[in-house]
Amino acid sequence: MRPLNAFALALAVAAACAQQQVRPPAAGQADGGTRPAAGAVDTGGSGDAGVSPPGTEPHKGALVAAGAADAGPSPRGGTGIAPPPRVMPGTLPAGLQLLELPATQNAIVNVQLRFRSGAIDDPRGKAGLTSLTARVMTEGGTQALSAKQLLEALFPLAAELDVRVDKEMTTFSARVHKDNLGKLLPILTDVLLHPRWDPAEFRRLRDAAVNDIEKRLRQGDDENLGKESLSELMYRGHPYGRLTLGHASELKSLGLQDLQQHAARVFTADRLTVGVSGGYPPSLGKDVAQAMAGLPAKSQPPAAVPEQGPHGPRFLLVEKLADSTAISIGLPYDLSHKDADWPAMSVARSAFGEHRQFNGRLMQRLREARGLNYGDYAYIEHFQQDGFDAATAQTGRARQQQDFTIWLRPVRDENRLFAVRAALYELSRSLKEELFSKEEVEQSQGFLDGYILLFDQTDARKLGYALDDQFGGISSFLATWRSGLRFVTPDQVNSAWRKWIDPSKLEIVLAGKDMASVKKTLLSGEPTPIRYQRDATGKTPEKPPAQLATDKEIEKFPFGAQGDSDVQVVPVEKMFE
Amino acid sequence: MLLPLFAALVAASAPAVPDATKAFPFPVEVHALPNGLRVAFIQYDSPGLVAYYTLMRVGSRNEVEKGRSGFAHFFEHMMFRGTKQHSAEDYNGTVTRLGLSTNAFTSEDMTVYHLYGPAQALPTIIEYEADRFRNLFYDEPAFRTEAGAILGEYIKSASNPEQKMFEKMVETAFTRHTYGHTVIGYLKDIENMPSGFEYSREFFRRYYTPDNATIFVAGDFDKAATLAQIEKAYGGWSGRLDAVPVPREPKQRQSRRAQVDWDKPTLPRIWITWHTAAASDLKSAAVANLLNAYLFGPTSPLYQSLILGRQTVDSMVATYNDRRDPNLFGVLMRVKDAKNLRTVETSVLREIKNLAGGRVDAKRLEAVRSNLRYSNTMALDKADSAAVTLAVNTALTGDVDYLNREFAALAQVQPRDLQEFAKSHFMDLNRTTVTLVTAKGGGR
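Being a predicted model, the structure only gives us computed values, none of them experimental.

**What to know about the overall build of chain B**
Turning to step 1, where the next piece is worked out: When you go through chain B residue by residue, the secondary structure sums to 15 helices and 11 strands.
Turning to step 2, where the next piece is worked out: Taken over 444 residues, chain B has a buried fraction of 57%.
Turning to step 3, where the next piece is worked out: Sequence separation of 24 or more characterises 79% of the internal contacts of chain B that already satisfy a separation of 6 or more.

**Things to note about the sheet that holds strand β9 (residues 313-318) of chain B**
Residue and element names in this part refer to chain B.
Turning to step 1, where the next piece is worked out: Here we have five strands laid out as an open sheet, ordered β7-β11-β8-β10-β9, and mixed in their pairing. Whereas interior strands pair on both sides, the edge strands pair on one side only; in this sheet they are β7 (256-262) and β9. Direction aside, neighbouring strands of the sheet carry axes that sit 15 degrees apart on average.
Turning to step 2, where the next piece is worked out: Both strand β8 (residues 269-275) and strand β10 (residues 328-335) contribute to a ladder of seven bridges, which runs antiparallel.

**Notes on the nonpolar core**
All names here are of chain B.
Turning to step 1, where the next piece is worked out: Among the nonpolar cores identified, the biggest contains 290 residues, and I42, F216 and A387 are the most heavily contacted of them.
Turning to step 2, where the next piece is worked out: The leading source of residues in this core is helix α9 (residues 282-296), at 11 residues.
Turning to step 3, where the next piece is worked out: Excluding residues that lie within four positions of it along the chain, A387 makes contacts with I42, A51, Y53, F216 and A218.

**Some remarks on the sheet that holds strand β9 (residues 376-379) of chain A**
Adjacent strands of a sheet pair through backbone hydrogen bonds, lying either parallel or antiparallel.
Residue and element names in this part refer to chain A.
Turning to step 1, where the next piece is worked out: The strand order β9-β10-β8-β11-β7-β12 describes an open sheet built from six strands, whose pairing is mixed. Where the open sheet ends on each side, the last strands, each with one partner, are β9 and β12 (567-571). Here the average twist between neighbouring strands, direction ignored, is 15 degrees.
Turning to step 2, where the next piece is worked out: In terms of strand pairing, strand β7 (residues 315-319) meets strand β11 (residues 507-512) through five bridges, oriented parallel. Across the sheet, L317 pairs through a bridge with L510, a residue of β11.
Turning to step 3, where the next piece is worked out: Across the sheet, helix α10 (residues 342-353) is in contact with β9 and β10 (402-412); its angle to β9 comes to roughly 170 degrees.

**Let's talk about the domain arrangement of chain A**
All names here are of chain A.
Turning to step 1, where the next piece is worked out: You can read the domains of chain A as domain 1 (51-68 + 82-292) and domain 2 (315-574).
Turning to step 2, where the next piece is worked out: Relative to domain 2, the C-alpha centre of domain 1 lies at a distance of 30 Å.
Turning to step 3, where the next piece is worked out: Facing 43 residues of domain 1, the contacting portion of domain 2 comprises 40 residues.
Turning to step 4, where the next piece is worked out: Of all the elements in the fold, those that place two or more residues in the side of domain 1 that touches domain 2 are β3 (108-115), β5 (170-177), α6 (222-234) and β6 (272-278).
Turning to step 5, where the next piece is worked out: For the side of domain 1 that touches domain 2, the element with the highest residue contribution is α6, accounting for nine residues.

**Considering helix α15 (residues 477-485) of chain A**
Residue and element names in this part refer to chain A.
Turning to step 1, where the next piece is worked out: Those residues of α15 not exposed but buried are F477, R482 and L485. An end-on view of α15 places all buried positions within 125 degrees of arc, on one side of the element.
Turning to step 2, where the next piece is worked out: Those residues of α15 that are buried are in contact with α10, α13 (438-451) and α14 (459-472).

**Topic: the pairing of β11(A)**
Turning to step 1, where the next piece is worked out: Taking burial as the measure, the six residues of β11(A) include six buried ones, the bulk of the element.
Turning to step 2, where the next piece is worked out: Burial along β11(A) is two-sided: the face carrying E507(A), V509(A) and A511(A) and the face carrying I508(A), L510(A) and G512(A) are both buried.

**Digging into the confidence of the model for chain B**
Turning to step 1, where the next piece is worked out: This prediction gives chain B a mean pLDDT of 93; 95% of its residues lie at or above 70.
Turning to step 2, where the next piece is worked out: A low-confidence stretch, residues 1-14 of chain B (pLDDT under 50), is modelled with 31 contacts involving residues beyond four sequence positions or located in other chains.

**Side note on the environment of P210(B)**
All names here are of chain B.
Turning to step 1, where the next piece is worked out: Here P210 lies in the loop between α7 (197-207) and β6 (213-219).
Turning to step 2, where the next piece is worked out: With 73 residues separating them in the primary sequence, P210 and K283 have C-alpha atoms 30 Å apart.
Turning to step 3, where the next piece is worked out: Apart from the residues within four sequence positions on either side, P210 is in contact with L33, N35, G36, L37, Y234, W237 and G239.

**Here we look at the environment of V136(A)**
All names here are of chain A.
Turning to step 1, where the next piece is worked out: With respect to the helices and strands, V136 occurs in helix α2 (residues 129-139).
Turning to step 2, where the next piece is worked out: Overall, the presence of 28 C-beta atoms within 10 Å leaves V136 in the buried class.
Turning to step 3, where the next piece is worked out: In sequence terms V136 and P301 are 165 residues apart; their C-alpha atoms lie 23 Å from each other.
Turning to step 4, where the next piece is worked out: With near-sequence residues (within four places) excluded, V136 lies in contact with P195, E201, F202, L205 and L259.

**Observations concerning the domain arrangement of chain B**
All names here are of chain B.
Turning to step 1, where the next piece is worked out: Along its sequence, chain B is organised into domain 1 (7-234) and domain 2 (256-438).
Turning to step 2, where the next piece is worked out: Its C-alpha centre places domain 1 at a distance of 27 Å from the equivalent point of domain 2.
Turning to step 3, where the next piece is worked out: Each partner contributes to the interface: domain 1 provides 36 residues, whereas domain 2 provides 35 residues.
Turning to step 4, where the next piece is worked out: The set of elements that each furnish at least two residues to the side of domain 1 that touches domain 2 consists of β1 (28-32), β2 (38-43), β3 (49-56), β5 (111-118), α5 (161-173) and β6.
Turning to step 5, where the next piece is worked out: The biggest single contributor to the side of domain 1 that touches domain 2 is α5, with seven residues.
Turning to step 6, where the next piece is worked out: Within the side of domain 1 that touches domain 2, the residues separate by chemical class into 23 nonpolar, six polar and seven charged.

**Looking at unusual backbone geometry**
All names here are of chain A.
Turning to step 1, where the next piece is worked out: At W197, a residue that is not glycine, the phi angle is positive and equals roughly 50 degrees.
Turning to step 2, where the next piece is worked out: Here W197 is to be found in the loop between α4 (181-193) and α5 (199-220).
Turning to step 3, where the next piece is worked out: C-beta crowding within 10 Å serves as the criterion here: with 19 such atoms nearby, W197 is assigned to the partly exposed category.

**Some thoughts on the confidence of the model for chain A**
Turning to step 1, where the next piece is worked out: Mean pLDDT for chain A: 86, with 84% of residues reaching 70 or above.
Turning to step 2, where the next piece is worked out: The model gives residues 4-81 of chain A a pLDDT under 50, and that stretch makes 300 contacts with residues more than four places away or in other chains.

**Focus on the pairing of β2(B)**
Residues and elements named next belong to chain B.
Turning to step 1, where the next piece is worked out: Of all the six residues making up β2, five are buried; the element is thus mostly covered by neighbouring parts of the structure.
Turning to step 2, where the next piece is worked out: Across five bridges, the pairing between β1 and β2 is antiparallel. Among the inter-strand pairings, V28 is bridged to a residue of β2, identified as I42.
Turning to step 3, where the next piece is worked out: Here β1 folds back onto β2, and the loop between the two strands holds five residues, one of which, G36, carries a positive phi near 100 degrees.
Turning to step 4, where the next piece is worked out: Two strands pair when backbone bridges link them, and β2 and β6 are joined in this way by six bridges, in the parallel orientation. Paired with Q43 across the bridge in β6 is G219.

What counts, and at which threshold
- Residues numbered from 1 in each chain as written.
- Chains lettered and ligands numbered in written order.
- Predicted model: local features only at pLDDT ≥ 70, side-chain atom pairs only at ≥ 80, totals over all residues.
- Helix = DSSP H or I, 4+ residues; strand = E, 2+ residues; numbered from the N terminus.
- Buried ≥ 20, exposed ≤ 12 C-beta atoms within 10 Å, placed from the backbone.
- Contact = placed C-beta atoms within 7 Å.
- Pairing = 2+ DSSP bridges.
- Axes fitted to C-alpha atoms, helices over the stretch in contact; angles between N-to-C directions.
- Core = buried A, V, L, I, M, F, W, Y, C linked by C-beta atoms within 7 Å.
- Domains from an automatic or database assignment.
- Arc of directions from axis to C-beta.
- pLDDT = per-residue confidence, 0-100.
- Nonpolar A, V, L, I, M, F, W, Y, C, P; charged D, E, K, R; others polar.

As structure tokens, then:
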């Protein structure tokens with residue numbers, strides 16, 4: 001039977017995988033990419049938003065029919081992705097928009113309420129306000145139902161009611177069997193229009209958010225600590241510059257009234273798109289839109305999102321007690337789905353470090369050849385895995401400003417600086433001495449051509465992509481991407497990669513212990529040779545001479561730190577404070 | 001119940017209509033090859049896509065020899081190291097070029113290998129999968145290098161206190177059975193993995209045999225042609241399962257307690273468990289699944305009082321799941337303040353006592369049953385989900401129809417069955433309690 005919740009195998013530090021993290025048998029949701037092994041216990045803190053309780057992510061559905069009324073079902077595998085949805089602005093009140101995917105015969109119905117409001121709306125000194133507000137609305141009860149009654153109403157239906165907050169958008173989502181749609185809708189409406197603002201629930205959820213930062217992120221989830229620290233480093237001085245979940249001392253200073261006022265300011269009709277998909281009745285979209293017309297009509301426009309330039313320092317070293325070191329590397333840029341370079345960049349990224357697959361150079365050379373760690377990947381836009389499926393990125397995280405990142409999963413301290421150098425070395429070679437070959441490009445094209453088909457397998461994910469497309473001002477991103485990448489040449493791949501990736505602009509985070517000595521080495525540039533793992537008898541694996549020669553080059557590859565101020569050491573207690 | 005599509009919409013391939021009265025509504029056809037390999041075809045309407053799962057009924061429960069914890073999982077990694085005919089590079093390059101999502105996972109009871117992607121890849125999948133299950137070949141250097149990746153897998157979660165707590169719980173609750181160690185294994189055993197080369201070959205000989213395997217194919221494929229290909233590719237796979245007996249866990253006769261002292265600031269935790277039955281006891285498994293939510297789910301009095309009301313507990317998670325051998329039923333709670341650990345424990349025990357005393361809320365039992373049914377339906381959302389669900393449920397007893405039978409048992413559960421379960425399992429002498437607190441000097 002399907003376990004009660006995503007915890008499934010918290011009992012499963014267990015199911016460890018060849019390439020992927022724990023996957024519980026037939027379990028539902030959990031943040032496979034980033035969640036600690038006993039995921040569900042960190043309910044408050046999946047990924048950075050901290051508002052996606054396990055088991056409640058929208059992620060189901062099945063085949064969607066084509067958009068035009070006269071078209072039959074779209075055979076997805078062969079010809080791909082469904083045509084664009086109907087967007088119906090204009091006829092609706094208060095500037096609100098409606099996006100309907102063609103209804104299917106599936107048993108599940110999805111409603112997503114997407115606001116152009118997110119962490120960038122957090123006022124100065126109130127980091128986390130949007131996230132906490134959304135969570136109190138979703139979990140804290142409605143005027144008709146206390147939090148307890150809300151749970152009791154949803155539970156027998158196995159209905160999922162969830163919210164995801166990102167930098168520029170907040171998505172309230174409901175996923176329910178169509179048998180139960182009638183029971184869920186009034187609750188969803190009340191969550192938005194008549195939240196309970198219960199002081200006890202406010203205290204509970206604020207405590208949970210603070211604990212999530214102080215106890216999980218700082219102390220119990222080093223992989224995400226590295227990623228989130230990098231994000232704050234890359235976006236210093238930028239509207240993205242504070243953890244979406246919030247900063248601990250600022251969360252502690254919030255009052256219930258802050259939340260109420262904030263909700264009226266950011267969850268307004270003019271910022272809302274209502275999305276529906278799955279086996280829904282014809283009037284659903286309009287009915288929900290009509291109800292949402294009861295929201296405050298207008299608000300200030302969202303904060304501007306300026307382009308973020310490089311600013312340094314090169315290194316941020318987060319000092320903490322740990323048995324290994326988390327490493328994240330990145331640079332901000334503004335590559336978007338609309339960009340003509342997107343398909344070429346996606347091919348380069350896949351060949352360099354496909355998420356959770358074996359084909360990328362980073363994975364092959366750091367993990368497979370050297371056994372440095374569990375995985376090594378690269379990303380050309382902000383990425384969080386959705387559930388346990390490596391092929392699914394979370395939707396609802398579209399952004400105007402993007403970043404290129406490299407994620408090295410934790411490395412033993414003795415090899416941490418070798419690992420950083422290996423990543424910089426491989427990136428440098430991919431731009432100069434060892435451009436992506438015709439074979440690598442063709443392989444990655446073949447891969448993405450099939451793999452992209454897995455991205456929007458369910459009605460809920462199709463809806464997520466459609467809403468993200470609307471945000472980005474494009475249509476049918478997946479289909480366009482898939483057809484575009486077929487014609488990309490190795491020259492285009494390499495020139496796009498060189499155009500967008502400048503290794504001198506990378507910023508690098510290490511989180512672990514004894515950072516003073518790391519700083520010393522970073523500044524002195526002394527060699528940091530790899531130490532291969534020994535067995536009980538002291539033997540290390542035999543390695544090919546060519547690899548050992550490369551090791552010699554990597555161990556002295558320049559770190560790129562320009563002096564004392566280019567390497568900052570911060571105690572973990574100061575992060576997200 | 002799930003109806004993936006109107007049959008009329010896909011008249012061309014006209015799959016049999018799913019049977020909405022079943023927990024697993026999609027038609028399943030099982031074939032057995034002379035060498036013992038079973039093949040299950042799942043009709044799931046998923047044009048252009050196919051999921052291919054191989055279930056090996058071997059997991060950490062089979063790690064009987066001392067010092068070999070984590071080996072089943074390590075072996076899962078080695079299965080990606082290639083054969084004489086198709087090297088690891090060839091395998092990776094091929095599945096990559098075909099656009100397949102490829103992976104594997106290991107649990108206590110099973111190791112599962114899976115690929116999901118374009119349907120036209122199926123003939124190649126069959127060829128490559130059959131080859132590696134029949135002819136796996138790796139040398140000692142590759143074996144030693146892979147051990148490094150396992151170590152990396154262990155340390156990536158090492159900052160999570162629950163990894164340690166999990167180790168402590170199972171080694172305290174189980175004294176003889178191999179559920180007493182985790183799937184990833186003990187750190188010292190992982191560090192020693194590079195010297196297990198010879199043992200790995202023996203492991204392959206014992207467990208990677210056709211009669212210990214089931215293949216699941218779901219989605220868009222031609223059954224007759226696929227069966228013919230599988231028969232051809234796997235027909236020559238030989239060997240018989242040569243399992244080392246797994247020790248039985250003796251009956252627990254005294255309550256047990258252990259503590260993990262954590263060296264960093266974290267919230268205290270308490271985990272309480274009781275030994276229960278194996279998945280083969282369908283009624284017991286159905287009741288245990290119901291009680292997971294009945295006792296510790298979001299609508300339970302415990303959850304509502306400790307999390308929503310008094311707010312002394314930060315999270316509460318029911319930790320039973322179905323297993324091949326008798327497993328633990330219980331609850332793991334994160335408590336906001338160590339001074340409340342004892343009170344929280346008392347609250348759980350009081351609730352258990354009430355249940356054993358016959359206080360059963362029949363209405364809530366119905367709500368839980370409804371939740372389990374709808375959750376199951378909502379999870380079968382794509383061909384890949386259907387295949388993995390059938391594979392992991394088959395692993396429990398070997399019965400491909402296990403999920404349906406368990407839900408049938410679930411439908412029969414009466415309020416008094418909950419009471420009976422409580423009376424026969426939730427005794428103090430059958431209980432293990434593990435707490436985790438930050439050691440003095442570790443907090444700040």
